[in-house]
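Structure assessment
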Amino acid sequence: MTTKPAETELRLPGREALAEMALARMGHNGIRAVELDRPTLVGLCVRLAPESGDDVRSAWAWLNEQLGGTDEAPAVDDNVVYRFKDRYRPTYAQVLAEEVRRVSKLAVDRVNDGRLTRVNRGLLSERVAERLLDANADVGPTELIKLAAIVRDSERTQIEQRELEAKLTLAEQRTAKLEAEVERLALANAATQRSIEAAKKTVQSTVDAGSKSLDADDVIAILDRVMKGEAA
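Quick summary incoming for the structure in this document. Just so you know, these numbers come straight off a predicted model, no measurement behind them. (Residues numbered from 1 in each chain as written. Predicted model: local features only at pLDDT ≥ 70, side-chain atom pairs only at ≥ 80, totals over all residues. Heavy atoms only, no water.)

So, the overall build of the chain
Counted only if it meets this: Only DSSP runs of H or I covering at least 4 residues are called helices, and only runs of E covering at least 2 are called strands; the numbering of each starts at the N terminus. Any two residues having at least one pair of non-hydrogen atoms within 4.5 Å are treated as being in contact. Computed by Shrake-Rupley with a 1.4 Å probe, the accessible areas treat only the displayed protein chains as cover when residues are assessed.
Counting its regular elements, the chain contains seven helices and zero strands. Element order for the chain, N to C, with α for helix and β for strand: α-α-α-α-α-α-α. Pairs at least 24 residues apart make up 63% of the contacts formed inside the chain by residues separated by at least 6 positions. Within the structure as shown, the chain displays about 14,900 Å² of accessible surface, and the carbon and sulfur contribution to it stands at 51%.

Given below as structure tokens:
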């Protein structure tokens with residue numbers, strides 16, 4: 001029996017926690033050429049996260065203020081912050097994507113009603129992760145479970161719609177094939193009838209002409225030539 005995840009597991013780490021995870025993965029405790037205590041470094045990272053809404057210039061201004069600098073006499077060069085941003089953001093994006101996928105998978109497990117296959121669970125997790133990243137905001141467990149349920153129902157509806165469309169297409173193809181066969185048989189029958197009528201006229205004209213006395217073999221031979229499209 002699958003154990004349902006606890007609601008505390010269904011929450012993305014906060015921005016500070018994500019910053020800590022990204023910094024740990026980067027493998028250093030500060031910006032080169034600037035000595036920063038951990039809280040200040042984490043605060044800078046939070047402001048450099050794309051979803052924070054702050055631009056790099058604002059993050060640098062905040063850091064400069066924290067270090068006691070001014071616009072006229074900055075405590076840290078802004079290029080240092082720009083270079084750090086270029087290294088930090090890709091690592092942060094990777095950490096965030098991994099955490100989004102993790103909680104999305106847990107949310108899908110939570111709303112799984114037993115009708116989802118392993119492949120469908122994987123696809124559904126990706127859909128939830130996409131929606132979660134698009135939300136660009138903190139999403140709590142309740143909202144995440146609702147989101148997973150909505151995506152599940154939406155995907156299931158789309159799957160059922162595609163299956164129905166496939167069945168309708170198959171039925172239409174079979175109907176079209178049957179209609180084509182009926183038309184082919186009708187045309188073939190009409191051609192046969194025309195050949196028979198032509199043969200009858202040929203036999204009759206030959207008899208009427210009195211060119212010769214026709215026996216059964218002569219009639220069959222004439223009919224055979226007409227049916228083959230040969231001249232009588």
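Comments concerning helix H2 (residues 38-48)
The cut-off we apply is this: To sort residues, take the accessible area from a 1.4 Å probe on protein chains only and compare it with the maximum for the residue type: under 20% means buried, over 50% means exposed, and anything in between is partly exposed. Polar contacts here mean pairs of N or O atoms no more than 3.5 Å apart (in protein, one a potential hydrogen donor and the other a potential acceptor; neighbouring residues in sequence count only if both atoms are side-chain atoms).
The buried fraction of H2 is high, at eight of 11 residues. Within H2 the residues assigned to the buried category are Thr40, Leu41, Val42, Gly43, Leu44, Cys45, Val46 and Leu48. Where H2 is buried, its residues touch helix H1 (15-26), helix H3 (56-66) and helix H4 (78-111). Where H2 begins, the side chain of Asp37 points an oxygen toward the backbone nitrogen of Thr40, at a separation of 2.8 Å.

Let's talk about the pattern of salt bridges
Test applied: When a carboxyl oxygen of Asp or Glu lies within 4 Å of a side-chain nitrogen of Lys or Arg, that pair is called a salt bridge.
A complete count under the given rule lists seven salt bridges for this structure. Measuring nitrogen to oxygen at the nearest pair gives 2.9 Å for the salt bridge that ties Arg38 to Glu20. With Arg38 in helix H2 and Glu20 in helix H1, the pair connects residues that are 18 residues apart, well separated along the chain. Of the residues examined, Glu20 reaches a relative accessible area of 31% and is grouped as partly exposed. Note that Arg102 and Glu99 form a salt bridge whose closest N and O atoms lie 2.9 Å from each other. Taken together, the positions of Arg102 and Glu99, both in helix H4 and three residues apart, correspond to about one turn of that helix.

Structural notes on the packing of H2 against H3
Selection rule: Axis definition: a line fitted to C-alpha atoms, over the contacting stretch in the case of helices. Angles run 0 to 180 degrees between N-to-C directions. An angle counts as roughly parallel when it lies under 35 degrees, as roughly antiparallel when it exceeds 145, as roughly perpendicular when it falls between 65 and 115, and as oblique in every other case. Whether a crossing is left-handed or right-handed is set by the direction in which the near helix is turned from the far one by less than a right angle, anticlockwise for left-handed and clockwise for right-handed. Here the nonpolar group is Ala, Val, Leu, Ile, Met, Phe, Trp, Tyr, Cys and Pro; Asp, Glu, Lys and Arg are the charged ones; every other residue, Gly included, is treated as polar.
Packing of H2 against H3 leaves a shortest axis separation of 9 Å and a crossing angle of 160 degrees. What the angle tells us is that H2 and H3 run roughly antiparallel. Classified by chirality, the crossing of H3 by H2 is right-handed. Counting all contacts with H2, which are made through Thr40, Gly43, Leu44, Arg47 and Leu48, the residues of H3 involved are Val56, Ala59, Trp62, Leu63 and Gln66. Grouping the amino acids of the contact of H2 with H3 by side-chain chemistry returns six nonpolar, three polar and one charged.

Quick notes on the environment of Val80
The topology assignment puts Val80 in helix H4. For Val80, a relative accessible area of 9% gives the class buried.

Overview of H4
Formally: Here a helix's expected span is defined as the number of its residues, less one, multiplied by 1.5 Å. Bend, at a single residue, is the angle you get between axes fitted to the 7 residues ending at that residue and the 7 residues starting at it.
Taking 1.5 Å as the rise per residue, H4 with 34 residues should run 50 Å; its terminal C-alpha atoms sit 47 Å apart, in good agreement. When the local axis directions of H4 are compared, the greatest deviation, roughly 30 degrees, occurs at Tyr88, which is followed within four positions by the proline Pro90. You can read the cap of H4 off the contacts: a side-chain oxygen lies 2.7 Å from the backbone nitrogen of Asn79, and it is on Asp77.

As for the packing of aromatic side chains
This is how it is decided: Side-chain rings of Phe, Tyr and Trp (the six-membered ring for Trp) are treated as a pair once their centres are within 6.5 Å; stacked means planes under 30 degrees apart, edge-to-face means over 60, and tilted covers the remaining angles. Charge-over-ring contacts are defined here by two conditions on Lys NZ or Arg CZ: a distance within 6 Å of the ring centre and an angle within 35 degrees of the ring normal.
This model, assessed by the stated rule, comprises two aromatic pairs. Taking 5.7 Å as the distance between ring centres and 15 degrees as the angle between the ring planes, the aromatic pair formed by Phe84 and Tyr88 counts as stacked. With Phe84 and Tyr88 both in helix H4 and four residues apart, the pair spans about one turn of that helix. Within the aromatic cluster, the residues linked to one another by ring pairs are Phe84, Tyr88 and Tyr92. In this arrangement the basic side chain of Arg47 is found over the ring face of Trp62, its NZ or CZ atom lying 4.0 Å from the centre.

Section: the packing of H3 against H4
For the pair H3 and H4, the least separation of the axes is 10 Å and the interaxial angle reads 120 degrees. Considered as vectors, H3 and H4 are oriented oblique to each other. Taken as a pair, H3 and H4 cross one another with a handedness that is right-handed. Every residue of H4 that contacts H3 at Val56, Arg57, Trp60 and Leu63 is listed here: Asp78, Val81, Tyr82, Lys85 and Arg89.

Structural notes on the nonpolar core
In plain terms, the rule: Only buried residues count toward a nonpolar core. Its members are Ala, Val, Leu, Ile, Met, Phe, Trp, Tyr and Cys residues joined through side-chain atoms within 4.5 Å.
Counting residues in hydrophobic clusters, the biggest one holds 43 residues, and the most contacted among them are Leu44, Leu48, Phe84 and Tyr88. Secondary-structure elements contributing two or more residues to this core are H1, H2, H3, H4, helix H5 (118-135) and helix H6 (141-209). Ranked by residue count, the leading element in this core is H4, at 13 residues. Contacts of Tyr88, omitting those with residues within four sequence positions, involve Ala19, Ala22, Met26, Cys45 and Leu48.

Note that all results are geometric; they support no functional claim without further evidence.
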